[in-house]
Structures are given as C-alpha cells and as structure tokens.
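Per-entry structural report
Letter by letter, the chains look like this.
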Amino acid sequence: MDRDGRRYFNHPTFNWLMDIYEEVMELAKRRGFLWPSFEIYGGTAGFYDYGPLGAALKRNIEHLWRRFYVIGEGFYEIETPIIGVEEIFRASGHLASFTDPIVECKSCKEFFRADHIGDRCPVCDGELGDVFEFNLMFKSFIGPGSKRAGYLRPETAQGIFVDFPRLLRFFREKIPFGIVQIGKAFRNEISPRQGLIRLREFTQAEAEIFVNPQEKTHPGFDLVKDEVLTLLPRGADEPTRWRLADAVREGIIAHELLAYHIHLTYRFLTAVGISEDRLRFRQHMLDEMAHYASDCWDAEVLLDRLGWIEVVGIADRTDYDLKAHQEASKVDLGVFMAYDKPKVIEKRKIKPKMEVIGPRFKQDAKRIVAALEAMDPDEVGDQEIVLELEGREVTITPDMFECVKVREEVSGERLIPHVIEPSFGIDRIFYAVLEHAFSEEEVEGERRVVLRLLPSIAPIQACVLPLLGARDELVKVARDVHRQLRRQGLIVEYDASGTIGRRYRRQDEIGTPFCITIDYETLEDDTVTVRFRDSMEQVRVAIDELGDWLHSELGL
Ligand code: GAP
C-alpha cells in the first residue's frame, strides 16, 4: 500500500499498518538487535541497548571500519577517557558554542528545539516562552565536592587533540599521521525522537589526520581520481555525478586529501551494506559549518521515513583545535618541518646602534640590544619603542636603531598541523544498514522477510538444522558439525525446533547467510545441504570441506 509516498503493508502477526521504519524497529526489538534502554522503568528518550544480535552486528561494523582505517590507511587506534576536564572544552569552543536554541511551552512544560517548531507548542498548542541557548554537554564533577567540573565528551576527537605532543613523539616528530578512536560520545539532545538517529549516548568512529597545511594530498588519490560520486555541492539544488579529479579541479571539493577521504567513506559505507543509490555527499552551507571547519561534507543516506540523514561528517578542521589548545595550555603544539635542503631567505631585522645605546644606557645596554634584536621590525616601524626592563620603562628613540635587510639560511620552519577528520556515527550507520538490508517478498503465497546483510557483517554466519523428527544419528551429526564449525572460528547457531521452513524464515529474518541442513543423505555420503539466504538456492558440500567453504563464501 502507498501512503505519503512510502510503503506500508499489513503485518502478518499484528493488525495495523506499519511503514518500513516501524517494521525494521519491530523486527530489531523482537529478534534481539536493539531495544529502548531502562525499559522496565519506562525508558528515557535517546538511549538504546544493543541486544545479542545487535551488539554482534555493531561489532562487525566497527571491525570492518578498523580494517579500512587501521589496516588500510595505517592509522593507529588510541583510547582516551569519555569524561574530560573543563579546560579541554573551554579551549575547544564547546563550552561557549556547543548549544542549540531551546524553548519551553508555558502550558505543558515540554521543551523543544526552537529552530524545529513554529509559533505555538506542537503538543498542546500552548504559548511558548523565550528562546534561550542550551549547552548539549552533560556536566559532572570529578572527585568529591563540586570544585572540579568534568564533561562527558561530545565527540571523541578532543581526546586525540590533547594527546598531540605525545603522539608526535611516538611518530618521531614527523607528520602526516593518523589516529583513530572508536567510543562513546554524549550529547544532551533536547527532544530525541528518531530511534538510533538522535541519541544522547552514541558511538563515534573518528579519524584525526594531522597534515602539513601545504600538503593536503594523498599518495592513493591517483588510484581513485577517476571514480565518480554523487555530490550535492553548496548552493546546488540537485545532486550531480562528479569525477573526483574534476570536483577538486573545479574547487568544489577543497583539496585532494578531502576528496580521497570522501571516497574512502563511500567505499566503507558500501562495503558495510549501504546501497549506492541511496547514498550522496552534501557540502555544508557556510552558516551550517561547525565553528572549527573550513570545508565539510556529510555522507547522507536515504531512509524511508526520515529522508536524507547524515551518517558521516568529513571536515577540514584546519589548525583550529591545536591552536586553541596551544593557547589555552601554553604547551607548544607545533611541528618542526625540515626543508629538503636549507633555504636562503631575505628578512628584515632590527639592528641596534651600539655606538648610541652603549654610552646612553651603560650596564643595561647589552640587555636592551638583545631585546631589540628579538623584536619584529614590522611591528615596530620606525617609531619610538618602549621597553620594560626590571619594572622600569626605557624609551628607545629611532636614532638608536635601524631596520635592515639580511639574508639567512634556514633549515625548516615550525608550524601547527592541519587536521582532516572523517567522523562516523556508528549507530546511524547501524540503523541504515538494517533498513537498506530489509526486504520482503512473497514465496509460495507466504510473506518472506529477509535481512540481506552482507555475509561479512552478519551477526550469525550460519545455522545448522537437523531435519525435523530426525533420528538420533542425524542429531548427533548435526551437533558434531555445529561444534566443528565453531571450533573453526565461525559464529554458528543450532536450531532444531519447528518445521524446516519455519527455521529457514527465522534465519532469513536475522540475516544469516547460510543454513546447513543435515538430512538422510548426510548419513550416506557425509555431505550437507547448504541453502543460500538470498536466492534460496541449495548446494551440497562435503562436511570435511564445510569450514573452508564457509570461510571463503563469507570473505573471511
Ligand atoms: N568530531 C566531529 C563530530 O562530532 P558531528 O557531525 O557532530 O561531527 C559526527 O558528528 C557523526 O556522529 C554524525 O555524522 C552522526 O552520524 C553522529 N551523531 C552526531 N550526533 C548524534 C546523535 N545525537 N545521535 C546519534 N548519532 C549522532
């Protein structure tokens, strides 16, 4: 059935109409993927638990992410506290600007995001109060008493930035290098109502790549420059297909390194099961960009009820964060970049006139000369200079110095690296993977629901099923096969209850790619029937070869 342009259908068990979102969430709760947290106490919006299958699927998504970023890109993973001291978030700007406008209804006392509603309360039509800014960080205190404030991190990134000096030493004072972190982030969202899309506690997988600002490129860009992606550049009405090299040349994507990471994000999302025709990259509008970013692209996926939803942000954070932490902590966060060969540069210097300063200042003359030499001539000009010398003010008149041009050999320069950051929201990706994998079809007059998860991320890799009413010998073989496959490192279920058709349907619904049936032929020739989830085709495989066969089919 069609309503509001979405698909609805009658559920076989329940007698109401559900859209795909409700159907996926109902399946996810019923089959142990996820459910609202603290349910026995009525739950609280913005928190979800991952059940046995959900936790396994989420781990597989994270594992694949590590394969891309830790193994593929050679980045290192670290783990930092989820609670951070106030100084971090004051320096990063979160304390001042990580806010949403909020408004309270004067009648029902509900809070709403002021930019999401109209003039009156959407719940009771009551009058709304004044709009004020609400900081989204959860505040706590470190230690007894309330002297030391701490905040649950709103992004995993800050833990990496404040570790920069130690990381730089680990990488023997050389950039570029990349650091990743997978962990919880917390945002006290005002009214989260969209399942896994807007949570108050969620998982991020972030990479922070520290680079020379003059070298925003990647050795792998050449291999991907001809790839074509769907981009929605700032100001465009419709998404269009762009060759990556063209998008960089035309200035649509700021540089090759950002383009490379947009493509890597595309590769990861499709490898995890996001369908390519429901994936696009949207550039942030200037007024939408986070306070730290100079360019930012969101990977957006199309969801049935919710429309286009951001699942990954890929930003050029420039030197914003390191500069801010350097200023606040007074710790030098620069890197010395040695040139390939020393450069001769011409620069202006202040040359103190000793013949005037010496007789005039006597024993203070040496210190005055040193102070003048350390000054920047562009800041001084040819004006009078007032120096502070042990609490006294000393006036240096223009006849005591001159500005001269000198040639100097320099072997490198100190600079603050820029940061490129792909930031993945694992929970949103998890939901999108479920929805894009969800399918229903009619088979022999019955509705078949199949979660077409890619075999590489399915929470259960295979299920062993002895024929119904099987003799003891069949059950024994089935148990042996089950044990053997687990010993070979596979995650395999055993299910002996209900008709074989019912058991297949149960596995289809949770996305198990292979069902292994032990039947009477097994006793004769030591082979089993393997059924493919998507095509329902069946092949026979020798028990001896089953483990290797599954490993290869699962792409392990
Ligand atoms: N360090 C950059 C950063 O945190 P972000 O765009 O605010 O950037 C990155 O967040 C990703 O985290 C988003 O693309 C989204 O997938 C996920 N995310 C953000 N807020 C979320 C929330 N309240 N619930 C679930 N996921 C969220």
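Residues numbered from 1 in each chain as written. Predicted model: local features only at pLDDT ≥ 70, side-chain atom pairs only at ≥ 80, totals over all residues. Heavy atoms only, no water.

This is how it is decided: UniProt positions are given in the numbering used here, feature names are shortened, and annotations may be inferred rather than shown by experiment.
Under an unreviewed UniProt entry, the name given to the protein is glycine--tRNA ligase, and the organism recorded is Candidatus Syntropharchaeum butanivorans. According to UniProt, the comment filed for the protein under the heading Subcellular location (unreviewed entry) is "Cytoplasm". The heading Sequence similarities (unreviewed entry) in the UniProt record of the protein holds the text "Belongs to the class-II aminoacyl-tRNA synthetase family."

**Some remarks on a nonpolar patch on the surface**
Put simply, the rule reads: Candidates for patches are residues over 30% relative accessible area with no salt bridge; among them, like charges are joined within 9 Å and nonpolar side chains (Val, Leu, Ile, Met, Phe, Trp, Tyr) within 5 Å. Here the open area of atoms and residues is found with the Shrake-Rupley method and a 1.4 Å probe, where only the protein chains shown may cover a residue. Salt-bridge detection follows one rule: a side-chain nitrogen of Lys or Arg within 4 Å of a carboxyl oxygen of Asp or Glu. Comment: elements are numbered from the N terminus, with helices defined as DSSP H or I runs of at least four residues and strands as E runs of at least two. Working definition: with a 1.4 Å probe on protein chains only, accessible area under 20% of the residue-type maximum means buried, over 50% means exposed, and in between means partly exposed.
A cluster of nonpolar side chains, F38, I40 and Y41, forms an exposed patch at the surface whose accessible area comes to about 450 Å². On the secondary structure map, Y41 appears in the loop between β4 (34-36) and β5 (48-50). Exposure remark for Y41: the relative accessible area of 73% places this residue in the exposed category.

**Digging into the sheet that holds strand β7 (residues 83-85)**
Through backbone hydrogen bonds, the strands of a sheet pair up, either in parallel or in antiparallel fashion. Heads up, the condition is: DSSP calls a pair of strands paired once it identifies at least 2 bridges connecting them. To get an axis, fit a line to the C-alpha atoms, keeping to the stretch in contact for a helix; angles then go from 0 to 180 degrees between the N-to-C directions.
Overall, antiparallel pairing links the three strands, which are arranged β7-β12-β11 in an open sheet. Every other strand in the sheet has two partners, leaving β7 and β11 (139-141) as the edge strands with one partner each. Within the sheet, the average angular offset between the axes of one strand and its neighbour, ignoring direction, is 40°.

**Comments concerning the packing of helix α2 (residues 52-72) against helix α9 (residues 256-272)**
Using the following cut-off: Left-handed describes a crossing whose near helix is turned anticlockwise from the far helix by less than a right angle; the clockwise case is right-handed. Residues count as neighbours in contact if any of their non-hydrogen atoms are within 4.5 Å of one another. Note on residue classes: Ala, Val, Leu, Ile, Met, Phe, Trp, Tyr, Cys and Pro are nonpolar, Asp, Glu, Lys and Arg are charged, and everything else, Gly too, is polar.
At a minimum axis separation of 10 Å, α2 and α9 run at an interaxial angle of 145°. Crossing handedness for the pair α2 and α9: right-handed. Residues I61, L64, W65, F68 and Y69 of α2 lie in contact with α9, whose contacting residues are H261, L264, T265, R267, F268, A271 and V272. Taken together, the residues of the contact of α2 with α9 sort by class into nine nonpolar, two polar and one charged.

**Focus: a negative patch on the surface**
Quick note on the threshold: A positive count includes Lys and Arg, and a negative count includes Asp and Glu. His and the chain ends are not counted in either. Every charge is mapped onto a representative atom, which is NZ of Lys, CZ of Arg, CG of Asp or CD of Glu.
On the surface, E524, D525, D526, D544, E545 and D548 cluster together to form a negatively charged patch. Those elements giving two or more residues to the negative patch turn out to be α17 (520-525) and α18 (543-553). Ranked by residues supplied to the negative patch, first place goes to α18 with three residues. Its location among the elements puts D544 in helix α18. By relative accessible area, D544 is classed as exposed at 74%.

**Quick word on the confidence of the model for the protein**
Put simply, the test is: Per residue, pLDDT captures the predictor's confidence, and it can take any value from 0 to 100.
Per-residue pLDDT for the protein has a mean of 93; in total, 97% of the residues score no lower than 70. For the stretch residues 1-6, pLDDT sits under 50, and the model shows nine contacts to residues farther than four places along the chain or on other chains.

**Let's talk about the side chain of Q507**
Tracing the chain through its elements places Q507 in helix α16 (residues 500-510). The exposure class of Q507 is buried, given its relative accessible area of 5%. Contacts of Q507, omitting those with residues within four sequence positions, involve I460, C463, D495, T512 and C515.

**Let's talk about the pattern of salt bridges**
With the rule as written, the count across this model stands at 51 salt bridges. Here R113 ties to D100 by a salt bridge, and the two come within 3.2 Å at their closest N and O atoms. Taken as a pair, R113 in strand β9 (residues 111-113) and D100 in strand β8 (residues 99-104) lie far apart in primary sequence, 13 residues in all. Its salt-bridge partner being E521, residue R540 comes within 3.3 Å of it at the nearest N-O pair. Of the two residues, R540 is situated in strand β31 (residues 538-542) and E521 in helix α17; the sequence distance between them amounts to 19 residues. Overall, the relative accessible area of 32% leaves R540 in the partly exposed class. Overall, the relative accessible area of 38% leaves E521 in the partly exposed class. Within this structure, E441, R448, R452, R505, D508, R531, R533 and D534 form a network of salt bridges that share partners.

**Quick look at the pairing of strand β19 (residues 307-318)**
Burial within β19 is extensive, with nine of its 12 residues counted as buried. As defined by bridge partners, strand β18 (residues 295-303) adjoins β19 across nine bridges and the pair is classed as antiparallel. Within β19, the position partnered with D295 by the bridge is D316. Sheet analysis places β19 next to strand β24 (residues 418-425), joined by six bridges and oriented antiparallel. Directly across from T318, in β24, lies its bridge partner V419.

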